[in-house]
Structures are given as structure tokens and as C-alpha cells.
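Below, each chain spelled out in residue letters.
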Amino acid sequence: MTSKQPAAKKRKAEEKIDIANLQFGEDFDEAEAMSNAEIKMIIETVNAAQGIDMEDVSEIMQNSYAYCKEFGKFRDRDSVALCKT
């Protein structure tokens, strides 16, 4: 009996993902990590666009934002952009 599963799905099922050994799968092969400053700016931009105050988001989001704000070296959009070039 042959498998009726498409080749792409079969390959995905066979792909080894092991977070403990930093094997995240092919979706992350060419991904770049973001800095704390970039994450902070994304949170601020999305919240501003949606009219959301930080007090209205989940505790996890508040903690993530606080961490990025505390440890992000760059404070403005231009500085963040320059550090990636």
C-alpha cells in the first residue's frame, strides 16, 4: 500500500526538530534572530496601530516588553536599523 501523502508533507513529517540541540527545522534555516530593541519597537508599533495600551495586554506581553525595554541597547528606530546593516 502506498502513501497518498504529498511529498512536501511527507518531507515535513520526516524532518527532525530538536529544540534542545538547536535544530528548529527548515522553516528556521535562514531566519535571523531579532535584537531586544527590534522586538520592543515591533511591540510598540503594533500596539500603537491597534490603539492598545500596555496595561491592556497579557502579563507575558508586559513582561516581554519590560525585558526588551530594559536590555535593548538602542532606543530609536534609526539606531535599530543601523545595527542590522
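Computed from a predicted structure; not experimentally measured. (Residues numbered from 1 in each chain as written. Predicted model: local features only at pLDDT ≥ 70, side-chain atom pairs only at ≥ 80, totals over all residues. Heavy atoms only, no water.)

## Examining unusual backbone geometry
Heads up, the condition is: Strands are runs of DSSP state E lasting at least 2 residues, helices are runs of H or I lasting at least 4, and numbering of each runs from the N terminus.
Located in the positive-phi region is Leu-22, a residue other than glycine, with phi close to 60 degrees. Looking at the secondary structure, you find Leu-22 in the loop between helix 1 (7-14) and helix 2 (36-50).

## Description of helix 2
To be explicit about the condition: Under the convention used throughout, the expected extent of a helix is 1.5 Å for every residue step, that is, one less than its residue count. Buried residues are those whose accessible area, probed at 1.4 Å on protein chains only, stays under 20% of the maximum for their type, while exposed residues exceed 50% and partly exposed ones sit between those limits. Here, residues are in contact when the closest pair of their heavy atoms is within 4.5 Å.
Across its 15 residues, helix 2 extends 21 Å between first and last C-alpha, which sits within 8% of the 21 Å expected from 1.5 Å per residue. Within helix 2 the residues assigned to the buried category are Ala-37, Glu-38, Lys-40, Met-41, Ile-43 and Asn-47. In this structure, the buried side of helix 2 is in contact with helix 3 (59-71) and helix 4 (77-83). Downstream of helix 2 by a residue or two, Gly-51 has a phi angle that is positive, lying close to 65 degrees.

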